[in-house]
Amino acid sequence: MNILTKVIDQDKYFEGIKSHKNVILYGAGNKARQTIELLKGRGVIPCDVCDGNKELWGQIFAQEYVIKSYQEIRETYRDYCIIVAATIRNALEIVRVLDAGVPFYHVCSPFKIESGFLEKQDIEKNRNEYEAVFSVWPDEESKRLYIENINSRLCGNFMELHKLEDGNSFFDDKILRNRADGVYVDVGAYTGDTLCRFLEYAGTYKKMIAVEADQENCECLRRFVKYGRIRDAKVIQCGVWSEEKTMRFYTMRHKSDMSYDMSNFYRGTDEQADNRTLQKCAANMMEMVVEDMKMDTLDHLLEDERPTLMKINAMAADLPILEGAERIITRYCPDIILEYGVRPDYLIDEVKYLNSLGVGYRFYLRQKNIYGDTKTILYAIGSDENA
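A few points on the structure. Bear in mind that the values here come from a model prediction, so they are computed numbers and not experimental data.

## Focus: the packing of aromatic side chains
No. 1: Under the criterion given, the structure shown has 14 aromatic pairs.
No. 2: For the ring pair Tyr361 and Phe363, a centre distance of 6.3 Å and an interplane angle of 45° mean the geometry is tilted.
No. 3: On the basis of relative accessible area, Tyr361 is assigned to the buried category, the value being 7%.
No. 4: The class of Phe363 is buried, set by a relative accessible area of 2%.

Now the structure itself:
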């Protein structure tokens, strides 16, 4: 099997965009700021930028464009295509307002940390590994999602993945092994949203352990557990990694009046934040901060626990977290839930690492709509013999 015959032709995709007389970028938020540089790297130079937010009209974008309304674009150009440069939730809203028949392309920076596309040369260079991962999927749905994940990372188009969504929860009862004596571990528990979905899925359980690095988010999480009367739940505020060390943590302070879920160990909040967040910072309503955080491992945090299910969704820190959980994974073989493909290397390395532990995991991919965002979820399902 040649993986290159199954994925899109990256060069042809961008040549198709360049074939249009006028290329308009729709979107002037964080994703658009990242995407316009990626487009220029592929030789796609937008002639104008528009946005649906009236407050942005007339402002300068990317140091050279004056942000316009879509109505102004319609009045200025007759022959044009639209590049929708936004997350899938916002992209779908944008597509609804476009005139019928206007050609459009969804192009969005495809990774959480890296600003760049997966390159065809990367696949050619690591073809054997890409094909080895293709071979682990036991069903056609997982294989199709694997190819569409590669495609979306080659060109930034997540529309096809959106069409394959099946459900709105991390917890797929057709795949996971639900146990009445289950110990659920949620790494990247945020303010408790996924705990709600776990309760809906599991019904009965033995214990929940919620781990969240961000202090303000963790305070909200504790209140949720307390006032929601969530029984047998333990909340831990801690950064989790492959080893015990100190790392820089990028986050916001005074964010209680809005949802901010981009705290991370990789990039400053000024690079990640959307326009609304930046406006609040400019008005001194929120504060960007960088702090030193002591990291721990799941092997240490859970040394007295026997986890049966772990959800790890921690702003692209998933693989180092897995590496710091080697002992509990090899000893207890818990089912594992991850967001798939958030970094280029993770397309290969997460499956490769879990396979290397030799505990007999079976792997599945499913597309889910998680709070309005389309996500490919990787399930590593353990053997009942190891349960």
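Still more ground to cover, so stick around.
## Re helix α6 (residues 127-134)
No. 1: Every buried residue belonging to α6 is among Tyr130, Glu131, Val133 and Phe134, and all of these are buried. An end-on view of α6 places all buried positions within 160° of arc, on one side of the element.
No. 2: If you follow the buried residues of α6, they end up packed against α5 (120-125), α7 (140-155) and α16 (346-356).

## Digging into the nonpolar core
No. 1: The biggest cluster of nonpolar side chains holds 83 residues, and the ones touching the most others in it are Tyr146, Leu298 and Leu354.
No. 2: In terms of residue count, the dominant contributor to this core is α16 (six residues).
No. 3: Residues within four places of Leu354 in sequence aside, it is in contact with Leu322, Ile329, Ile336, Tyr361, Phe363 and Ala380.
No. 4: Membership of the second largest hydrophobic core comes to 25 residues, among which are Ala189, Leu195, Ile377 and Ile381.

## Considering the sheet that holds strand β6 (residues 104-106)
No. 1: Pairing within the open sheet is parallel, and its four strands lie in the order β2-β1-β5-β6. With one partner strand each, in any of the chains shown, β2 (48-50) and β6 form the two edges of the open sheet. For this sheet, the mean angle separating the axes of adjacent strands, direction not counted, is 25°.
No. 2: Where strand β1 (residues 23-26) and strand β5 (residues 81-84) come together, four bridges link them in parallel fashion. When the sheet's bridge partners are listed, Val23 is paired in β5 with Cys81.
No. 3: Its contacts with the sheet place helix α1 (residues 10-18) against β1, β5 and β6, and it is angled at close to 140° to β6.

## A look at the packing of α6 against α16
No. 1: Between α6 and α16, the least distance of the axes is 10 Å, while the angle of their chain directions is 60°. It follows that α6 is oblique to α16 by the angle criterion. For the element pair α6 and α16, the recorded crossing hand is left-handed. Taken together, the residues of α16 that come into contact with α6 (itself represented by Glu129, Tyr130 and Val133) are Leu347, Ile348 and Lys352.
No. 2: In terms of residue class, the contact of α6 with α16 is built from four nonpolar, no polar and two charged.

## Considering the pattern of salt bridges
No. 1: Tallying each qualifying case throughout the model produces 25 salt bridges.
No. 2: Here Asp11 ties to Arg42 by a salt bridge, and the two come within 2.8 Å at their closest N and O atoms. With Asp11 in helix α1 and Arg42 in the loop between α2 (30-41) and β2, this pair connects stretches of sequence that are 31 residues apart.
No. 3: Residue Arg42 is classed as buried on the basis of its relative accessible area, which comes to 18%.
No. 4: Between Lys68 and Asp48 there is a salt bridge, with the nearest N and O atoms lying 2.9 Å from each other. You can see Lys68 sitting in the loop between β4 (65-66) and α3 (70-76) and its partner Asp48 sitting in strand β2, a full 20 residues away along the chain.

Conventions used here
- Residues numbered from 1 in each chain as written.
- Predicted model: local features only at pLDDT ≥ 70, side-chain atom pairs only at ≥ 80, totals over all residues.
- Heavy atoms only, no water.
- Phe/Tyr/Trp six-rings, centres within 6.5 Å; stacked < 30°, edge-to-face > 60°.
- Buried < 20%, exposed > 50% of the residue type's maximum accessible area, 1.4 Å probe, protein only.
- Helix = DSSP H or I, 4+ residues; strand = E, 2+ residues; numbered from the N terminus.
- Arc of directions from axis to C-beta.
- Contact = heavy atoms within 4.5 Å.
- Core = buried A, V, L, I, M, F, W, Y, C linked by side-chain atoms within 4.5 Å.
- Pairing = 2+ DSSP bridges.
- Axes fitted to C-alpha atoms, helices over the stretch in contact; angles between N-to-C directions.
- Parallel < 35°, antiparallel > 145°, perpendicular 65-115°, else oblique.
- Left-handed = near helix turned anticlockwise from the far one by under 90°.
- Nonpolar A, V, L, I, M, F, W, Y, C, P; charged D, E, K, R; others polar.
- Salt bridge = Lys/Arg side-chain N within 4 Å of Asp/Glu carboxyl O.

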